[in-house]
Amino acid sequence: MAMIAVVAFESTFGNTRAVAEAIGRGLSAAGVSVRVQAIAETPARQLEAIDLLVVGAPVCRGHGTSEAMQTWLSRLPDGCGRPAAVFDTYFHKTLASDTVPPVTACLHERRWNLVVPPVSFVEQGPDQPLVWGEAGHAEAWGALVASSAAKVATP
Ligand SMILES: Cc1cc2nc3c(=O)[nH]c(=O)nc-3n(C[C@H](O)[C@H](O)[C@H](O)COP(=O)(O)O)c2cc1C
């Protein structure tokens, strides 16, 4: 049976959504049954029966994650060791992302198993589209997430 995945993202200007959709295409091409949804449309109960969770958020220095993302993460069901992955989007990051660590910490706390290192996708500037090639990068990363998740036994 096909692995069931959700790619849950937060996006104001559309780049994180575009990356999430490209990751969804990569997962789908690898045989995963995937839904790509904003966190606002992703209730915790929907995550109780999935095999893989991917979470994406924009870099937001000084805030770590948005309040909406913090609330959503705090309601995550117990992952029971199920596979997960995290990504962010940004345009200028001189320091390491302040967004990925709180998201990964929350996923660990809720017993989701990060199967690949978090990855960042870059846009051309504030309110600008993604840098050329990033959609393909995201699609390839989706395929990597699928193959890494398949190696982890789900309960
Ligand atoms: C409050 C705030 C702080 C931000 N801080 C950073 C930052 O430190 N570095 C960066 O590259 N982008 C920063 N950004 C920009 C977003 O991370 C970036 O534009 C992102 O790709 C937007 O994603 P979206 O198109 O899905 O909304 C910030 C945006 C906001 C609203």
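Below is a short write-up of the structure. Here the structure is a predicted model, which is why all the values come from computation and not from measurement.

Calculation notes
Residues numbered from 1 in each chain as written. Predicted model: local features only at pLDDT ≥ 70, side-chain atom pairs only at ≥ 80, totals over all residues. Helix = DSSP H or I, 4+ residues; strand = E, 2+ residues; numbered from the N terminus. Buried ≥ 20, exposed ≤ 12 C-beta atoms within 10 Å, placed from the backbone. Contact = placed C-beta atoms within 7 Å. Axes fitted to C-alpha atoms, helices over the stretch in contact; angles between N-to-C directions. Parallel < 35°, antiparallel > 145°, perpendicular 65-115°, else oblique. Left-handed = near helix turned anticlockwise from the far one by under 90°. Nonpolar A, V, L, I, M, F, W, Y, C, P; charged D, E, K, R; others polar. Core = buried A, V, L, I, M, F, W, Y, C linked by C-beta atoms within 7 Å. Expected span 1.5 Å × (residues − 1). Arc of directions from axis to C-beta. Near = placed C-beta within 6 Å.

Looking at the overall build of the chain
For the chain, the helix and strand inventory stands at four helices and six strands. Principal axes of the C-alpha set define a box for the chain whose edges measure 40 × 30 × 25 Å. Within the span of the chain, comprising 155 residues, buried residues form 39% of the whole. Put simply, of all contacts in the chain between residues at least 6 apart along the chain, 81% involve residues at least 24 apart.

Regarding the packing of helix 1 (residues 15-29) against helix 4 (residues 134-150)
Two elements in contact, helix 1 and helix 4, have axes whose closest approach is 7 Å; the angle formed by their N-to-C orientations is 45°. On the basis of the axis angle, helix 1 is oblique to helix 4. Pair helix 1 / helix 4 crosses with right-handed handedness. Only Glu134, Ala135, Ala138, Glu139, Ala140, Trp141, Gly142, Ala143, Val145 and Ala146 of helix 4 make contact with helix 1, whose side of the interface consists of Ala18, Val19, Ala22, Ile23, Gly24, Arg25, Gly26, Leu27 and Ala29. Class assignment for the residues of the contact of helix 1 with helix 4 results in 13 nonpolar, three polar and three charged.

Looking at the nonpolar core
Formed by 41 residues in total, the largest nonpolar core has its most connected members in Ala5, Val7, Val19, Ile23, Leu52, Leu53 and Val54. Considering each element in turn, this core owes the most residues, six residues, to helix 1. Setting aside chain neighbours within four positions, we find Leu53 in contact with Val6, Ala8, Leu47, Ala84 and Trp112.

Focus on unusual backbone geometry
With phi around 65°, Arg111 is a residue other than glycine that occupies positive phi space. In this structure, Arg111 sits in the loop between helix 3 (100-109) and strand 5 (113-114). Of note, the phi angle at Asp127 is positive, near 60°, even though the residue is not glycine. Of note, Asp127 is situated in the loop between strand 6 (119-122) and helix 4.

So, helix 4
A rise of 1.5 Å per residue sets the reference length of helix 4, with its 17 residues, at 24 Å; its end C-alpha atoms lie 24 Å apart and thus fit the reference within 8%. Within the span of helix 4, buried status applies to Glu134, Ala138, Trp141, Gly142, Val145, Ala146 and Ala149. Projection of helix 4 onto a plane perpendicular to its axis shows the buried side chains occupying an angular sector of 145°, all on one side. The inward-facing, buried residues of helix 4 abut helix 1, strand 3 (52-58), strand 4 (83-90) and strand 6.

Describing the site of the ligand
The local shell around the ligand holds 19 residues, among which Phe13, Asn15, Thr16, Arg61 and Tyr90 are the closest. The set of elements that each furnish at least two residues to the shell around the ligand consists of helix 1 and strand 4. Here the residues of the shell around the ligand are counted per class, giving seven nonpolar, eight polar and four charged.

By themselves, these observations are geometric and do not establish any function.
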